[in-house]
Amino acid sequence: MNAMTRRIVIGTAAVSMAVSLAACGKAGDDKDSADSGSKTKIGLLLPENKTARYETLDKPLFVEAVKKNCADCEVVYKNAAGDVGQQKQQFEQQIADGIKVIAISSVDAEKAAGWIDAAHKKDVKVVAYDRAIAGADAYVSHDNEKIGKLQGQAILDALGSKAASANVVMINGDEKDPNAGLFKKGAHESLDGKTKIAYEASGEWDPKIAGEKMTAAISSVGKGKIDAVYSANDGMAGGIITSLGNAGIKDIPVGGQDAELPGIQRIIAGTQTFTIYKSPKQLAPTAAQFAVNLLQGKDIGAQGETDGVPSTLLEPTVVNKDNIQSTVIKDGIYEVSKVCVADIADKCAALGIK
């Protein structure tokens, strides 16, 4: 299936709402039994747990925002661990349990699109969370093609005058994820014609697989002939950097995405060059607002449309060693004490991270 075309790029902020619902359930998560409070339950289905952000950022921020906007609402949370069959079962179980709004970041967007009709027949609304799904009732994400463009340009910036003659390895995301195709498309728009893509493969959002693909790239291109590596996210960048280190390759630009804590620490240490910050403090509250509005039958509050689906697309930011303090630290995503562990404390100080 062709991924949805992003038509808008906007910023957003969570809207505070005061609500009272007749049927009350205790706010919480990880509960999925059907009861009389099912009309105040909102489902949250996330795709995998190899990418740290889902458990550490997206889930708690979504739960917090739902509670803020609907004191009587309860979040029923499940993670599919990368298994589309398991996610389908989770989706169907939430419908069976009487949950009327489900926010889902799909393992496989094409297959998830096939579940929408069944949900609608049961009067269940679906919020596509971060990954577009055809036929959803609402969609919130970042401008994913722009993310790829930013990643590609950051590689070129890091290469500088060497870009035209450089060999770049591209390790893309899982092809079942529509966002991965958009990251890839955007990156090629920045890179093509300005540098040489010497090797390209999918790392399937798996650090181990990405590391294996990097080892294959080293064998194919040559140990001394790789000048930079595009990694679609930080998790895979970790596996790639390990593979590069094992081969004795260092001091070449490696990019990522998601602003994960290990990625930020690698940037400080100097083994990773940049990441893309997609603030979950915007993403999760916006999705939660959509879900609460759908539950209450109110206007969704989207800022535009993507292929007919009411949508809000947020602005991504490139993070490198120069703006860690003004992005993920300033926003409170990470505490300095958690970022600046002992082995990089001196480098944190040199960068003014405090």
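Further up the page is the structure itself.
Everything in this summary refers to the structure shown in the same document. As the structure is a computational prediction, the values presented were derived from the model and not from experiment.

1. Description of the environment of G308
Phase 1: Mapping G308 onto the fold places it in the loop between β11 (304–306) and β12 (309–314).
Phase 2: Using a relative accessible area of 48% as the deciding quantity, one classes G308 as partly exposed.

2. Things to note about the sheet that holds strand β3 (residues 101–104)
Phase 1: Spatial strand order, β2-β1-β3-β4-β5-β12-β11: seven strands in an open sheet with mixed pairing. Only two strands of the sheet have a single neighbouring strand rather than two, namely β2 (74–79) and β11. Pairwise comparison of adjacent strand axes, ignoring direction, gives a mean angle of 25° for this sheet.
Phase 2: Here three bridges tie strand β4 (residues 125–129) to strand β5 (residues 138–142), and the two strands are oriented parallel to one another. Residue pairing in the sheet places A128 in a bridge with Y139 of β5.
Phase 3: Where helix α2 (residues 84–96) meets the sheet, its contacts fall on β1 (41–46), β2, β3 and β4, and the angle it forms with β1 comes to roughly 175°.

3. Points about the nonpolar core
Nonpolar side chains tend to gather and get buried jointly when the protein is soluble and globular.
Phase 1: With 47 residues, the main nonpolar core has F62, I264, I324 and V328 as its most contacted residues.
Phase 2: Discounting residues that sit within four places of it in the chain, I324 has contacts with I264, I267, I268, V319, I329 and I353.
Phase 3: Grouped together as the second largest cluster of nonpolar side chains are 39 residues, A154, I155, M236 and V254 included.

4. Some thoughts on the pattern of salt bridges
Phase 1: Under the definition given, this model contains twelve salt bridges.
Phase 2: Measuring nitrogen to oxygen at the nearest pair gives 2.5 Å for the salt bridge that ties K50 to D206. Remark: D206 occurs in the loop between β7 (196–202) and α7 (207–221) and K50 occurs in the loop between β1 and α1 (53–69); sequence separation between them is 156 residues.
Phase 3: When its relative accessible area of 12% is taken as the criterion, D206 is described as buried.

5. Topic: the pairing of β4
Phase 1: Across the five residues that make up β4, a large majority, four, are buried.
Phase 2: Examined bridge by bridge, β3 and β4 share four bridges and lie parallel to one another. Paired with V101 across the strands is K125, a residue of β4.

6. As for the sheet that holds strand β8 (residues 228–231)
Strand pairing in a sheet relies on backbone hydrogen bonds. The paired strands run either parallel or antiparallel.
Phase 1: Here four strands make up an open sheet; going across it, the order is β7-β6-β8-β9 and the pairing parallel. Since the sheet does not close on itself, it has two edges, and those belong to β7 and β9 (254–255), each with one partner.
Phase 2: The pairing of strand β6 (residues 167–172) with β8 spans four bridges and is parallel. Paired with M170 across the strands is Y230, a residue of β8.
Phase 3: Packing of α7 onto the sheet brings it into contact with β6, β7 and β8, and relative to β7 it is tilted by some 145°.

7. Points about the state of the cysteines
The term disulfide refers to a covalent linkage connecting the sulfur atoms of a pair of cysteines.
Phase 1: Under the counting rule described, the total for this entry stands at two disulfides.
Phase 2: Across a sulfur-sulfur distance of 2.1 Å, C340 and C348 are joined as a disulfide pair. Between C340 and C348 the disulfide shows an S-S torsion of about -95°. By sign, it is left-handed. C348 matches C340 in its accessibility class, with the two residues each being buried.

8. Things to note about the side chain of T51
Phase 1: With respect to the helices and strands, T51 occurs in the loop between β1 and α1.
Phase 2: By relative accessible area, which is 4% here, T51 ends up buried.
Phase 3: When residues no more than four places from it in sequence are discounted, the contact partners of T51 are N233, D258 and E260.

9. What about the packing of α1 against helix α10 (residues 280–296)?
Packed helix pairs are characterised by how far apart their axes lie and by the angle those axes make with each other.
Phase 1: Between α1 and α10, the shortest axis-to-axis distance is 8 Å and the interhelical angle comes to 45°. Between α1 and α10, the crossing angle belongs to the class labelled oblique. Between α1 and α10 the crossing geometry is right-handed. From α1, R53, L57, D58, L61, F62, A65, V66 and N69 reach across to α10, where they touch P280, K281, L283, A284, P285, A287, A288, Q289, A291 and V292.
Phase 2: Broken down by class, the residue content of the contact of α1 with α10 amounts to 13 nonpolar, two polar and three charged.

Definitions and limits used
- Residues numbered from 1 in each chain as written.
- Predicted model: local features only at pLDDT ≥ 70, side-chain atom pairs only at ≥ 80, totals over all residues.
- Heavy atoms only, no water.
- Helix = DSSP H or I, 4+ residues; strand = E, 2+ residues; numbered from the N terminus.
- Buried < 20%, exposed > 50% of the residue type's maximum accessible area, 1.4 Å probe, protein only.
- Pairing = 2+ DSSP bridges.
- Axes fitted to C-alpha atoms, helices over the stretch in contact; angles between N-to-C directions.
- Contact = heavy atoms within 4.5 Å.
- Core = buried A, V, L, I, M, F, W, Y, C linked by side-chain atoms within 4.5 Å.
- Salt bridge = Lys/Arg side-chain N within 4 Å of Asp/Glu carboxyl O.
- Disulfide = S-S within 2.5 Å.
- Parallel < 35°, antiparallel > 145°, perpendicular 65-115°, else oblique.
- Left-handed = near helix turned anticlockwise from the far one by under 90°.
- Nonpolar A, V, L, I, M, F, W, Y, C, P; charged D, E, K, R; others polar.

From the geometry alone we can't say anything about function, so treat these as descriptive.
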